[in-house]
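# Residue-level structure breakdown
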Amino acid sequence: MDDQRKTRMVRRYFEHLTASNIEDIVGMFGENGHVNSPFLGRVEARPFFEKLGNASSGSVLTVFDVLLGENGDSAAAYFRYDWTLASGEELTFQGVDYFKFDDEGKFHSMSIFYDTHPLREEVGDKYANA
């Protein structure tokens, strides 16, 4: 997979997430694709994004930059997440998602990085009832 395709794929992921296209997002992950989440730990892609969808009523993700890894099998995106929770509460934070690609050009894994402390202090665990 060439670098432009990787960059487009990462940006498309964020477009699907903004549009709440859960099936399209899950389809971007390989058979054993998973997410490493600060709140939930390691979760297979489908249950993670279903849980996220249940915890959300809207999302706007703004990608500032996509960086490609040195070995050709990874990419990272720096973004702002304007997140409306199912309760109607609104949160905004910045983070980095780190993607590893599998041999078929799908995501093998995605690791989410952001400072959870301010969010947890403000809203608690919003996944608890999702």
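Everything below is about the structure printed above this text.
Summary of the structure given here. (Residues numbered from 1 in each chain as written. Predicted model: local features only at pLDDT ≥ 70, side-chain atom pairs only at ≥ 80, totals over all residues. Heavy atoms only, no water.)

### Quick notes on the overall build of the protein
Heads up, the rule is: Where helices and strands are cited, they refer to DSSP runs of H or I of at least four residues and of E of at least two residues respectively, numbered from the N terminus. Exposed residues in this analysis have more than 50% of their type's maximum accessible area, buried residues have under 20%, and partly exposed residues fall in between, with area computed by a 1.4 Å probe over protein chains only. Here, residues are in contact when the closest pair of their heavy atoms is within 4.5 Å. Computed with the Shrake-Rupley method and a 1.4 Å probe, the accessible areas treat only the protein chains shown as cover for residues.
In terms of regular secondary structure, the protein is built from four helices and six strands. Reading the protein from its N terminus to its C terminus gives the helix and strand order α-α-β-β-α-β-β-β-β-α. Put simply, the protein has 130 residues, and 43% of those count as buried. Expressed as a percentage of contacts within the protein between residues at least 6 apart in sequence, the contacts between residues at least 24 apart total 51%. Carbon and sulfur atoms form 44% of the exposed surface of the protein, whose accessible area is close to 7100 Å².

### Side note on the packing of aromatic side chains
Threshold: Only centres within 6.5 Å qualify two rings of Phe, Tyr or Trp (six-membered ring in Trp) as a pair; their planes then separate them into stacked at under 30 degrees, edge-to-face at over 60, and tilted for everything else.
Within the structure shown, the criterion is met by 16 aromatic pairs. Residues F39 and Y114 carry aromatic rings whose centres are separated by 6.4 Å and whose planes lie at 40 degrees to one another, so their mutual orientation is tilted. Within this pair, whereas F39 is found in the loop between β1 (29–37) and β2 (41–44), its partner Y114 is found in the loop between β6 (107–113) and α4 (116–123), the two being separated by 75 residues in sequence. Each member of the pair, F39 together with Y114, is buried. With a centroid separation of 5.5 Å and 45 degrees between ring planes, the pair formed by F101 and F107 is classed as tilted. As far as the burial class goes, F101 and F107 line up, both buried. One aromatic cluster is present, formed by Y13, F14, F29, F48, F49, F79, F99, F101 and F107 through successive ring pairs.

### Details of the environment of R11
Note that R11 resides in helix α1 (residues 3–18). In sequence terms R11 and T62 are 51 residues apart; their C-alpha atoms lie 9.5 Å from each other. Beyond its immediate stretch of four places on either side in the chain, R11 contacts V63, D65 and V66.

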